[in-house]
Amino acid sequence: MISDNILKVENLYFSYNKSNDYILEKISFSLNRSEILVILGQSGCGKTTLFKNLLGLLKPQKGKIYIENEVLEPSSKKKLKRYYHKIGVLFQSGALLNSLSIYENLKLPLDENTHLSEPLKDIMINLKLKWVGLAHAKNLMPSELSGGMKKRVALVRAIILDPKILFFDEPHSGLDPIVTSDINKLILRIRDAFKISMVVITHDMNSALFLADKLLMLKDGKTHFYGTKSEFENIVKSDEYINEFVNVSTANLNNNNSNKHK
Ligand SMILES: Nc1ncnc2c1ncn2[C@@H]1O[C@H](COP(=O)(O)OP(=O)(O)OP(=O)(O)O)[C@@H](O)[C@H]1O
Ligand SMILES: [Mg+2]
C-alpha cells in the first residue's frame, strides 16, 4: 500500500555541544502528502535548529526522522543525496546567485541533478517562470528584481526538480504585507498543483493561519502546541502563552504597516 506519510519526526532531541543541555527536546510530528506544517515560536526557541535537523545538516542525539518511511541518515552521503532529490529548500535570504541570470539560476539545479535534454530543460524553466508570472524576467540579473520577484524566482528554483517536500525558513522576511499575501497565495497554488508537502517557519501569524493545515509551536525547544489549525484557533483564547504570542505578532504587523505609510 502506498503510504501518504511523507515526513515523520519521532522523539527528536538535539544539542549543539553533546551535553544534556538540549536545544530541542522530545519533538514529534508527522506530515502527509499535500499538507502544510507551520513551525512557530519566539526567537531562539529552536526553529532553525529543527529545520537543519530536518535537512540532514545537523544530526539529532536521539530520535528519528523518516522521509517516506525511510530513516534519514545524515552520515550516509548516498542516502542524503537521494533525499536532496526529493526536497526543495527556500532559505530566508532567497540566495540566488548574483552573477547568473534568472534563467541560468533556474537551469543550474537541472544541469547538476538531471540528464534531461537541453530543449526539455528549456521547456521546464519557461513553463514554471510563466506560471509565477515572470516569463518576461528570464534574462534579467537578480540585482534587477524587486524583493517579491526574487522570492518568486527562488520559489521556482525550489520546485524546479519537482520535490515531494518544500522547506521554507521565514519566506516572508523583508516583504511588505501585499507581497507577503501574494507569496502566500502562490505557496498554496504550488501545493495544490503539485501536491507538495511543506514545512514553513514564520514569525508572521497571519501567514501562519493562512497557510497551515497543522501548527507546531516551540517554547524553549519543547513542543508547546502541536495540532490542526482549528485546534490551534480553539485554544488561542484559553492558552495564555499562545494568546500573548498571537497578540504581539499581530501588533508588530500593524506597527510595520503603519510605519510603511508614514
Ligand atoms: N551553531 C550553533 N552553536 C551553538 N548554539 C547555537 C547554534 N545555532 C543556534 N544556537 C542556539 O540554539 C538556540 C536556538 O537557535 P535557533 O537559531 O534554532 O532559533 P530560532 O528559533 O530559529 O530563532 P530566530 O527566530 O531568531 O531565527 C539559541 O539559543 C541559539 O543561541
Ligand atoms: Mg531562525
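Data block above holds the structure.
Treat the numbers as computed from the prediction; the structure is a model and nothing was measured.

Thresholds, definitions, all that
Residues numbered from 1 in each chain as written. Chains lettered and ligands numbered in written order. Predicted model: local features only at pLDDT ≥ 70, side-chain atom pairs only at ≥ 80, totals over all residues. Heavy atoms only, no water. Helix = DSSP H or I, 4+ residues; strand = E, 2+ residues; numbered from the N terminus. Rg over C-alpha atoms; globule rule 2.2 N^0.38 Å. Buried < 20%, exposed > 50% of the residue type's maximum accessible area, 1.4 Å probe, protein only. Contact = heavy atoms within 4.5 Å. Areas by Shrake-Rupley, 256 points an atom, 1.4 Å probe, with all protein chains shown as cover. Lys, Arg positive; Asp, Glu negative; His and termini not counted. Charge placed at Lys NZ, Arg CZ, Asp CG, Glu CD. Core = buried A, V, L, I, M, F, W, Y, C linked by side-chain atoms within 4.5 Å. Near = heavy atom within 4 Å. Polar contact = N/O pair within 3.5 Å; in protein donor to acceptor, adjacent residues only side chain to side chain. Nonpolar A, V, L, I, M, F, W, Y, C, P; charged D, E, K, R; others polar. Pairing = 2+ DSSP bridges. Axes fitted to C-alpha atoms, helices over the stretch in contact; angles between N-to-C directions. 1 Å grid on protein atoms, 1.4 Å probe; cavity = no way out; pocket = protein on both sides within 12 Å on 5 of 7 lines; lining within 4 Å. Points joined across faces, edges and corners; volume = space filled by probe spheres on them.

**Q** I keep staring at the overall build of the protein and nothing clicks. Help me out?
**A** For the protein, the helix and strand inventory stands at nine helices and ten strands. For 262 residues, the compact-globule estimate of 2.2 N^0.38 gives 18 Å, and the protein sits close to it at 19 Å. For the protein, the C-alpha atoms occupy an extent of roughly 55 × 55 × 40 Å along the three principal directions. Relative to its 262 residues, the protein shows a buried fraction of 47%. A sequence separation of at least 24 residues applies to 67% of the contacts in the protein between residues at least 6 apart. Accessible surface computed for the protein: about 13,400 Å², of which carbon and sulfur atoms make up 52%. With 36 positive and 28 negative side-chain charges, the protein shows a separation of 4 Å between the mean positions of the two kinds.

**Q** Please clarify how the nonpolar core should be interpreted in this entry.
**A** Nonpolar side chains in soluble globular proteins tend to be buried together. The biggest cluster of nonpolar side chains holds 48 residues, and the ones touching the most others in it are Val 38, Leu 40, Met 198 and Phe 232. At seven residues, the largest contribution of residues to this core is made by helix 5 (residues 147-159). Apart from the residues lying within four places of it in its own chain, the contact partners of Val 38 are Val 200, Thr 202, Ala 208, Leu 211, Ala 212, Lys 214, Leu 215 and Leu 216. Core analysis: the next-biggest nonpolar cluster, separate from the first, contains 29 residues, Phe 29, Leu 58, Leu 80 and Tyr 83 among them.

**Q** Is there a simple way to think about the site of ligand 1 in this case?
**A** Surveying the vicinity of ligand 1 reveals the residues Tyr 16, Ile 23, Gln 42, Ser 43, Gly 44, Cys 45, Gly 46, Lys 47, Thr 48, Thr 49 and His 203. Within the backbone of Gly 44, an N or O atom sits 2.8 Å from an oxygen atom of ligand 1. Counted by class, the shell around ligand 1 contains three nonpolar, seven polar and one charged residues.

**Q** Just checking my understanding: could you explain the sheet that holds strand 7 (residues 165-169) for this structure?
**A** Strand pairing in a sheet relies on backbone hydrogen bonds, with the paired strands running either antiparallel or parallel. Pairing is mixed across the open sheet formed by six strands, whose spatial order is 6-7-8-3-9-10. The open sheet terminates on both sides in strands that have one partner only, identified here as strand 6 (87-90) and strand 10 (222-228). Within the sheet, the average angular offset between the axes of one strand and its neighbour, ignoring direction, is 15°. Here strand 3 (residues 36-40) pairs with strand 9 (residues 214-219) via four bridges, running parallel. When the sheet's bridge partners are listed, Leu 37 is paired in strand 9 with Lys 214. On the sheet, helix 1 (residues 47-54) packs against strand 3, strand 6, strand 7, strand 8 (197-201) and strand 9 and is oriented at approximately 150° with respect to strand 7.

**Q** I tried to follow the sheet that holds strand 4 (residues 62-67) on my own but got confused; where do I start?
**A** Read across the open sheet, the four strands follow the order 2-1-4-5; overall the sheet is antiparallel. Each edge of the sheet is formed by a strand with only one pairing partner; in this case those strands are strand 2 (24-32) and strand 5 (70-71). Here strand 1 (residues 5-14) runs beside strand 2; their pairing, made up of six bridges, is antiparallel. Following the sheet pairing, Val 9 is matched in strand 2 by Phe 29.

**Q** For this particular structure, what's the right way to read empty space enclosed by the protein?
**A** Empty space left among the atoms is revealed by rolling a probe the size of a water molecule over them. Going through the model one piece at a time under the given rule, you end up with one cavity of 30 Å³ or more. Volume-wise, the largest cavity comes out at about 100 Å³. Lining the largest cavity, in full, are Ile 67, Glu 70, Val 71, Leu 72, Glu 73, Lys 79, Arg 82, Tyr 83 and Lys 86. Where the lining of the largest cavity is concerned, the elements lending two or more residues are strand 5 and helix 2 (77-84). Among the elements that take part in the lining of the largest cavity, helix 2 stands out by supplying three residues, more than any other. Taken together, the residues of the lining of the largest cavity break down into four nonpolar, no polar and five charged.

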